[in-house]
Each structure stands twice: as structure tokens, then as C-alpha cells.
Amino acid sequence: MTQAEREQENGKEKEKEKEREKEKEKEKEQRGIKRPIAPPVIPEPLQEARSYNRLIRPAGLDTSSRMKWTNTAHHPEHLVGEEALYVNPTDCYNVHWPISRGQLNVHSGAGGSLTAVLADLEAIWSHVIQKQLEIPLKDLKYYRCILLVPDIYNRHHIKELVNMLLLNMGFSAIVVHQESVCATFGSGLSSACVVDVGDQKTSLCCVEDGVSHRNSRLCLAYGGADVTRCFFWLLQRAGFPYRECQLSNRVDCILLQQLKETFCHLDQDISGLQDHEFRTRFPESPALLYQVRLGDEKLQAPMALFYPTTFGIVGQKMTSLQHRSQGDPEDPHDEHYLLGTQSKQDQSSKASAERKSLPKPPGFEGELSSQGGDPSERGGGAHGQDVELGHSQNDCLMGGAEMEEPPSALLSRKTAMTQFEGKALGLDKAILHSIDCCASDETKRKMYSSILVVGGGLLFHRAQEFLQHRILNKMPPSFRRVVESVEVITRPKDMDPRLISWKGGAVLACLDTTQEMWIHQREWQRFGVRMLRERAAFVW
């Protein structure tokens, strides 16, 4: 290449560099210009539904069917159930909810102390026993009861509940068991991943042969009521014709729950706008008939269970795990003591093995045999009993399969679960994490092939197929080859899923093995909470 050609090439490169610099300067200028923000684009179906719903006017129905507020002329001390819901807001009554998010509703407001909450529960149960079951309270000494507790439970609350049932209400005996295990009893399954979708909480637990795996327990702070609230927001966006509807009104909340149960679904084949109608029947108001046009709102609301950030719940713990208790002064042999005695037993057994391996002096065998053997093997006296109890309880605490795995694997599973504590897990992801915390691959295979959904928060059309499809798509690839089929059970034996746990409690009361689990009133008065450690079918 000649000198002239080289100079020509260099000139072309310089011109290209200048053009690049000019383009960069233009981009900087364009970035500095403030462009007008375009309004959000509203989908055509939503805009059409909104335009239609805003023109709707209600039609009056027969005025003779008006509802009435609860009659409080005789000034009852308390009201329970629907009578409490339909109390006129102008009456001087405070409405209390003793249970919130699956736990006793202890708060700083009026009626929020533990004593007040227990008094409300006692009033509700006493009312139902007398009015619905027609059993006089003085005859409760001839009856026993089954108390179902959450999988993630508060030990102090359970202790106070048992105290109320046995001492205050006067039942002769009680059995305390977990909801998830009783759900498997009621559905006739030996092992299952139990998913309890309630009104305000969703709990998950893997149950194998009547034993709840402690590390698999999860409690999510959302449920059917949050779906109702999300549906209400979507209805408002679509121009809901009943414009006076408010979430702060108890009667309106009942209407919204009925609309959710009637219209919402999880069938992705249903699309497009559809016309519906609903009626409003409120006390001291005429009955009205409304027309409403809805589209994807009916699918989007229950979909929020899989995308819980849609609920907009902030400022609270979204995911809870089972943690160790802080101890109880009435129960000195709590799990802290049992774990301590277990470690002491391990140390004593190692020391005994070392002593046996050492050469013994003459006459040592005879002296030892005359004393009845090695003291660490005799297990006599109070200390020997404590050690034996600690060993058996610790075996139950860890689970048979969990004791066989190395401690590093157990620690990694606990760490994996702890990192999700406080985060908003979707229902499908929560199921996968709960199953993943099981000890062995064989147990995980059982859980994937039997996912039991109970409670009333997922009673939507095609919910079973929808959940099963999401689990199949998100489960680890290694299990897709091992698991023959992922089965989601929403109506075992064609029973109402809201009654499965109660059915299991009835089955539990009839079992022969349950006879050893009854805690009698006199035993509770004498030994207190220690009886729960001795008689409960789960690790207290």
C-alpha cells in the first residue's frame, strides 16, 4: 500500500469518528428533552365493560322480602354468628374476632388481651353447644372433646385453651392433635402434603404415616378473604354498578364473598366479556337486582394466590415457620432440657466405650458385676429416667428418616427454609419448598403424588387442574423422572374440603390408639402442661 492510500484510509477513519461523536451528542440532547408522559393504555375489553357498567341502574324487587337487623331490644349480653354480623351499627356493640390469621387475635385494642379472647371463645363454644347441639353446659362433665390446633402453634395459647376446656367449661377429658394430621385421617390417606387454604391464612405441612414433618411446616399470611379484597378492587376498576359498596361494611363484605364464590374461576379456557346479575338484600333497604359485565377479573382475583404481591399486604410477616419454644415454668423437662440430656447421654456412652477398650486391672470385672454392671448402662434412678425420656423425645423431634441423614444436610434444609421466612411465597412455590424440606427422596415422591387441598379458600372451578399444572411445570427436573404422576386432591371421597379436618377428628376419637392420648381433668389439675408433653401425639 502506497503512502497516498494510507493517508486516504486515515482520513476516512477520522470522518467516521467525527460522525460517531455527533451521534453521541444528539443522543445526549434527546435524553435531556422532557417528553410528555402518555396516559396508560386501557385494554379495550376493560374499557367496554367499564362503559357498560357505569350506565347500569338497579331494578327493584319484591319489597316484602326485606331483611331486618338483629333484634337487640332485650339487650343480650353477647351475640354469636350471623346475629353478630347483622347487628345494627347504631347499637352499642363491639364486634370481636377471637381468631385472626390462624392464631388467637391478641392485640392492643379493646378486647384484645389473651383473657378477653379466651372469654370470647368460651362464649361462642358454649352458645353453639347449647343451641346447636342441645347439650346443657352442666352435662359437659359426661363428654370428652378433641381440640385441633394449627401446625404452627403457640404453646402458651394451646395451654390456655386446654385449661379453659377442662377447668372452665368442664369437659371430662381432651385430646390435642394437629389439623394437618387429622386432615389425612379424614381423607383416608396415609401420607400427603396438606395444603389448608383458609379465609385469612394458608398453612402447609407434609404428613407421613400420621407424623407431621416439623421442617416442612409453613404458614402464609393470606387466604380467601384477601382474594375477596382483590376481587373488589378489580370490580371497582371495571365500574362496579353497586357504587356504595365498602369493605368497612360487614354486610357488603358478605355480598362480595358470595360474588367471589359465584363468579371467580381458574379456567383459562374461559375468556372474553360475559354478562352476570346479582341481588342485594340488606336490612332496612329494598332488594335490588343489578346487571354487571365482567371479563378477566374473575380469573385474575384467584390468580393472586399464586402472585401474593398483588394483595399489597405490607408491614407484617408473610411467611412463618415453626420455631423452638421459650420454655414453660410448669414444664421443666422441656425440649431444651431434653436436648441437653441427650448430649450428656452421648458423652457418657462414649466415655463408657473408652473405658471398656482400656485394659482392666485384675478383679475389676468381679467388682463391676457385683454392682450390677456399668452405671451408664443400668439407667436406674431419677437421672436414668430423665435420660431415657430425652432420648425418646429427641427421636420423635427429629423424625426417623431425619436422624439417618448427616447434620449438614439437615442444616442446609433449615437454612433454605429460613431464607423464605417473611417473604411472600405463591401457593405453588410454597408447596414445592415444603416438599423439598422432607428428609428423603422417597418421602418427597410420596408428597408429590398426594397433594391434599383442604379449607374453603380454593373452591374455584378448575382449581385442581390449574394447581396441578403449575406444580408439574415448576417441580425439580430430577423428580419428573421419578414421580409417576402429580396428583392434587381437592375433594377426597366427594366430601366438602372445609370439613375434612373435623371428619378426621371424629375418626381420631374412635381409634383404639387414641385411648392412651386422653388427658383427664384431674390429671390436668395435678400435672398441668406436662401432660401435653406426655400425651400429645406430636412433639410438644
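On a predicted model such as this, the values are computed, not experimentally measured, just so you know.

*Asks:* Tell me what's going on with the overall build of the chain, and back it up with residues and numbers.
*Replies:* Each helix and strand counted, the chain has 22 helices and 15 strands in total. Counting over 540 residues, the chain shows a buried share of 42%. For the chain, restricting intrachain contacts to residue pairs at least 6 apart in sequence, the fraction spanning at least 24 positions comes to 69%.

*Asks:* Describe the environment of Asp494, listing the residues and the values that go with them.
*Replies:* As for its placement among the helices and strands, Asp494 is situated in the loop between β14 (488-489) and α20 (500-510). You can call Asp494 exposed: its relative accessible area is 73%. Once the C-alpha coordinates of Asp494 and Ser187 are considered, the two residues, 307 residues apart in sequence, prove to be 9.7 Å apart.

*Asks:* Break down the sheet that holds strand β4 (residues 144-149) for me, citing the residues and quoting the values.
*Replies:* Reading across the sheet, the three strands line up as β4-β5-β15 and stay open at both edges, with mixed pairing between neighbours. With partners counted over all chains shown, the strands left at the sheet margins are β4 and β15 (519-520), one partner each. Bridge count between strand β5 (residues 173-178) and β15: two bridges; the pairing is antiparallel. Of the residues in β15, the one forming a bridge with Ile174 is Ile519. Sheet strands in contact with helix α6 (residues 179-187) are β4 and β5, and its direction is about 90° off that of β5. Across the sheet, α20 lies against β4 and β5, angled at about 135° from β4, the strand it touches most.

*Asks:* Run through the packing of α6 against α20, naming residues and quoting values.
*Replies:* Two numbers describe how α6 lies on α20: the axes approach to 6 Å, and their chain directions differ by 80°. Classified by the angle between their axes, α6 and α20 sit roughly perpendicular to one another. Along the contact surface, α6 presents Glu179, Cys182, Ala183, Phe185, Gly186 and Ser187, while α20 presents Ile500, Ser501, Lys503, Gly504, Gly505, Val507 and Leu508.

*Asks:* Can you lay out the confidence of the model for the chain for me, pointing to particular residues and giving the numbers?
*Replies:* Overall, the prediction assigns the chain a mean pLDDT of 82, with 76% of residues at 70 or greater. Note that pLDDT drops below 50 for residues 360-407; the model gives that stretch 50 contacts with residues more than four away or on any other chain.

*Asks:* Go over the sheet that holds strand β11 (residues 288-294) with me, naming the residues and quoting the values.
*Replies:* One open sheet holds the three strands; their spatial order is β1-β11-β10, and the pairing between them is antiparallel. Here the strands that pair on one side only, and so sit at the sheet edges, are β1 (59-60) and β10 (274-280). With seven bridges connecting them, β10 and β11 associate as antiparallel partners. From the neighbouring strand, Phe278 faces β11, where its bridge partner is Tyr290. Along the sheet, helix α8 (residues 250-263) makes contact with β10 and β11, crossing β10 at roughly 150°.

*Asks:* Go over the nonpolar core with me, naming the residues and quoting the values.
*Replies:* Within the largest apolar cluster, 64 residues are counted, with the highest numbers of intra-cluster contacts made by Val195, Leu266, Ile431 and Leu458. The residues contacting Val195, other than those within four sequence positions of it, are Thr202, Ser203, Leu204, Leu427, Ile431, Ile451, Leu452, Val453 and Val454. Leu147, Val162, Phe171 and Val529 belong to the second-largest nonpolar core, a separate cluster that totals 30 residues.

*Asks:* Lay out the side chain of Ser180 with the relevant residues and their values.
*Replies:* One can find Ser180 in helix α6. According to the relative accessible area criterion, Ser180 is buried, its value standing at 2%. In contact with Ser180, not counting residues within four places along its chain, are Asp151, Val194, Cys205, Val207 and Ser212.

*Asks:* Can you lay out α20 for me, pointing to particular residues and giving the numbers?
*Replies:* Along α20, the positions that sit buried rather than exposed are Ile500, Ser501, Gly504, Gly505 and Leu508. Taken down its axis, α20 places every buried residue within 140° of arc, on the same side. In α20, the exposed positions that point more than 90 degrees away from the buried face belong to Trp502 and Cys510. Residues of α20 that are buried sit in contact with β4, β5, α6 and β13 (451-454).

*Asks:* Tell me what's going on with the pairing of β4, and back it up with residues and numbers.
*Replies:* Note: β4 against β5, six bridges, orientation parallel. Bridge pairing links Arg144 to Ala173 in β5. The parallel pair β4 and β5, bridged by helix α5 (residues 155-168), forms a crossover whose chirality is right-handed.

*Asks:* Could you give an account of unusual backbone geometry, naming the residues involved and the relevant values?
*Replies:* A positive phi angle is found at Arg462, which is not glycine, with a value near 65°. Taking relative accessible area as the criterion, Arg462 reaches 32% and is therefore assigned partly exposed. With a phi close to 55°, Asp494 is a non-glycine residue in the positive phi region.

*Asks:* Lay out the packing of aromatic side chains in plain terms, naming residues and giving numbers.
*Replies:* One pair of aromatic rings is described through two measures. These are the centre distance and the angle between the planes. Under the definition given, this model contains 10 aromatic pairs. Aromatic side chains Phe240 and Tyr242 sit 6.3 Å apart centroid to centroid with 70° between the ring planes, which places their arrangement in the edge-to-face category. With respect to burial, Phe240 and Tyr242 carry one shared label: buried. Their ring planes at 40° and their centres at 5.8 Å tell us that Tyr242 and Phe282 sit as a pair that is tilted. Of this pair, Tyr242 sits in the loop between α7 (224-237) and α8 while Phe282 sits in the loop between β10 and β11, and the two are 40 residues apart along the sequence. Grouped by ring-pair contacts, the aromatic residues Phe240, Tyr242, Phe278, Phe282 and Tyr290 constitute a single cluster. Over the aromatic face of Trp518 sits the side chain of Arg144, whose NZ or CZ is 4.8 Å from the ring centroid.

*Asks:* Could you give an account of the pattern of salt bridges, with specific residues and numbers?
*Replies:* The full count for this structure, using the stated rule, is 16 salt bridges. Two residues, Glu442 and Arg445, come together in a salt bridge whose shortest N-O distance is 2.5 Å. Taken together, the residues span about one helical turn, with Glu442 and Arg445 both in helix α17 (residues 441-448) at a distance of three residues. Accessibility expressed as a relative area gives 41% for Glu442, which makes it partly exposed.

*Asks:* I'd like a rundown of helix α18 (residues 463-474), residues and numbers included.
*Replies:* For α18, with 12 residues, the first-to-last C-alpha span of 17 Å sits near the 16 Å given by 1.5 Å per residue. Regarding α18, the residues found buried are Ala463, Phe466, Leu467, Arg470 and Ile471. In a view along the axis of α18, the buried residues occupy a sector of 130°, so they form one face of it. On its buried face, α18 sits against α9 (297-303), α16 (427-436), α17, β13 and β14.

What counts, and at which threshold
Residues numbered from 1 in each chain as written. Predicted model: local features only at pLDDT ≥ 70, side-chain atom pairs only at ≥ 80, totals over all residues. Heavy atoms only, no water. Helix = DSSP H or I, 4+ residues; strand = E, 2+ residues; numbered from the N terminus. Buried < 20%, exposed > 50% of the residue type's maximum accessible area, 1.4 Å probe, protein only. Contact = heavy atoms within 4.5 Å. Pairing = 2+ DSSP bridges. Axes fitted to C-alpha atoms, helices over the stretch in contact; angles between N-to-C directions. Parallel < 35°, antiparallel > 145°, perpendicular 65-115°, else oblique. pLDDT = per-residue confidence, 0-100. Core = buried A, V, L, I, M, F, W, Y, C linked by side-chain atoms within 4.5 Å. Arc of directions from axis to C-beta. Right-handed = clockwise from strand over helix to strand, strands pointing away. Phe/Tyr/Trp six-rings, centres within 6.5 Å; stacked < 30°, edge-to-face > 60°. Lys NZ or Arg CZ within 6 Å of the ring centre and 35° of its normal. Salt bridge = Lys/Arg side-chain N within 4 Å of Asp/Glu carboxyl O. Expected span 1.5 Å × (residues − 1).

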